[in-house]
Amino acid sequence: MKNNFFFFLLFFISCVVFSSCATFGNRLYTAFDYKVNEVPLSLPYESPDRFTIAVLPDIQNYTNYKYQKEYKKSFPADFRDMALRQTEFVAKNSIKNGGSIVFAIFLGDMVNTRSKKKCEWEYADQAVTVLDDVIPFGIVIGNHDYDYWKWSFKISDVIVEGGSFFNTYFGPTSKHFSKKSWYGGASENGLNSYSIFKAGERTFLFIGLEFEPSDEALEWAQQVINDHKDMPVIVATHGYLSYNRVDTENGNYSFLGLHHHLEGTGNGGRQVFNKLVRKNKNIFLVLCGHVFDVSSGEGMRVDIDDDGYKVYSIVSNYQKRADYWKINGFKGSAKPCGDGFLRLMNFDMKRKIINVQTYSTEFNTFEIDADSDFSLDIDWDWNERFSSR
């Protein structure tokens, strides 16, 4: 009996270890065996038809005040440095510095504790400042970026309130966007914004929407699109997709429903698609973060808009990744951070394809499973789709 128990214990442990494996580089590594490449990744500029958009998901655990030495001297690292290394990587590989990155998108949750700790906003601000005057970028507000959370008995759910901290650090009058030639403007509450950026010979419109955007926010976005009818549009909002395949349409990941909404005035993912995305053929890409599971935090879906064109939607969120802690041999239970992962969306206009890669600035390596490394076809006539005619 004891031998059977021992065999079962070994079998259970082996299953747990195997399930914690992650794919990196060209072979499989366990969560305790990463290999850092000797040469840092470089994304050199090649031609006007090839360019990259960097996508930085929820950085809240990098800026979490509890994960810094100045809060707790015994803490083994300053997690905020990981956010800095991400933006330093983007700046180094920007078009201005001879690289291919033309735009960067932060997917929200810049901080963890809302308005409770000013230092978290300062940490996030330091990371973003690296990109100032180097590259245009957009930032959307996440549910953790609102000033307050409170319980609403009216809707039996948590609601979020206030955008004063977000507007102070990342709003239209902040140092990051004020008087920038590429920054187009913001909605009245400052929580929805748009930017215009160039990529080779093409001009793109980026629209950042508030978390679970209100009807007013969607109407504002529609007017921005109406004013720029000939531009391809990328939309980002913090919550849009789930990581669960409960939506049976072609095996797609489901739209995200309402959660931390504004007393019933917000719109979930499907509502945003129906009220805004599907009605505008210019919108070809929607990006979001917010949701996660421990092993992934990745997913996508493909929809067809009212004009018959594909719309790609991608969710990215690595905040529960904790291998940085394990690899560095830190003691105690592993603290999740994100492991420096971000998305690189590499456009190749001649081949009519977008190659999506998942890269860690901490480990200097790619994750290459099916949800992390894939291609999106640009199988439409560019001039026909993005034209007011």
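Report follows, based on the coordinates. (Residues numbered from 1 in each chain as written. Predicted model: local features only at pLDDT ≥ 70, side-chain atom pairs only at ≥ 80, totals over all residues. Heavy atoms only, no water.)

Moving on: the overall build of the protein chain. Helix and strand counts for the protein chain stand at nine helices and 18 strands. The proportion of buried residues among the 389 residues of the protein chain is 57%. Residue pairs at least 24 apart in sequence account for 67% of intrachain contacts in the protein chain once pairs closer than 6 positions are excluded. For the protein chain, the exposed surface amounts to about 17400 Å²; the carbon and sulfur share of it is 52%. (Helix = DSSP H or I, 4+ residues; strand = E, 2+ residues; numbered from the N terminus. Buried < 20%, exposed > 50% of the residue type's maximum accessible area, 1.4 Å probe, protein only. Contact = heavy atoms within 4.5 Å. Areas by Shrake-Rupley, 256 points an atom, 1.4 Å probe, with all protein chains shown as cover.)

Moving on, we get to the environment of H290. Position of H290 among the secondary structure elements: in the loop between strand 12 (283-288) and strand 13 (298-304). Given a relative accessible area of 13%, H290 falls into the buried group. The sequence separation of H290 and H144 amounts to 146 residues, and the corresponding C-alpha distance is 9.6 Å.

Here we come to helix 3 (residues 80-92). The end-to-end C-alpha distance of helix 3 is 19 Å, a good match for the 18 Å that 13 residues give at a rise of 1.5 Å each. For helix 3, every residue scored as buried is listed here: R80, M82, A83, Q86, T87, F89, V90 and A91. (Expected span 1.5 Å × (residues − 1).)

Another aspect to go through is the sheet that holds strand 11 (residues 233-237). Here seven strands make up an open sheet; going across it, the order is 8-9-10-11-12-14-13 and the pairing mixed. Looking along the sheet, the strands with just one partner apiece sit at the ends: strand 8 (183-186) and strand 13. Strand-to-strand twist in this sheet, taken as the mean axis angle between neighbours without regard to direction, amounts to 20°. As paired elements, strand 13 and strand 14 (residues 310-316) share seven bridges and run antiparallel to each other. Bridge pairing in strand 14 links R301 to S313. In this fold helix 6 (residues 215-226) packs onto strand 8, strand 9 (193-199), strand 10 (202-209), strand 11 and strand 12, with an angle of close to 170° to the strand it touches most, strand 10. (Pairing = 2+ DSSP bridges. Axes fitted to C-alpha atoms, helices over the stretch in contact; angles between N-to-C directions.)

On to the pattern of salt bridges. A complete count under the given rule lists 17 salt bridges for this structure. For R80, the salt bridge identified is with D78, shortest N-O distance 3.5 Å. Here R80 matches D78 in class, with each residue buried. Notably, a salt bridge pairs E298 with R343, separated by 3.8 Å at the nearest N-O pair. Of the two residues, E298 sits in strand 13 while R343 sits in strand 15 (residues 341-348), which places them 45 residues apart along the sequence. Since its relative accessible area comes to 1%, E298 is described here as buried. In this structure R343 comes out as buried when scored by relative accessible area, which is 2%. One continuous salt-bridge network, built from bridges that share partners, spans E46, R50, D348 and R351. (Salt bridge = Lys/Arg side-chain N within 4 Å of Asp/Glu carboxyl O.)

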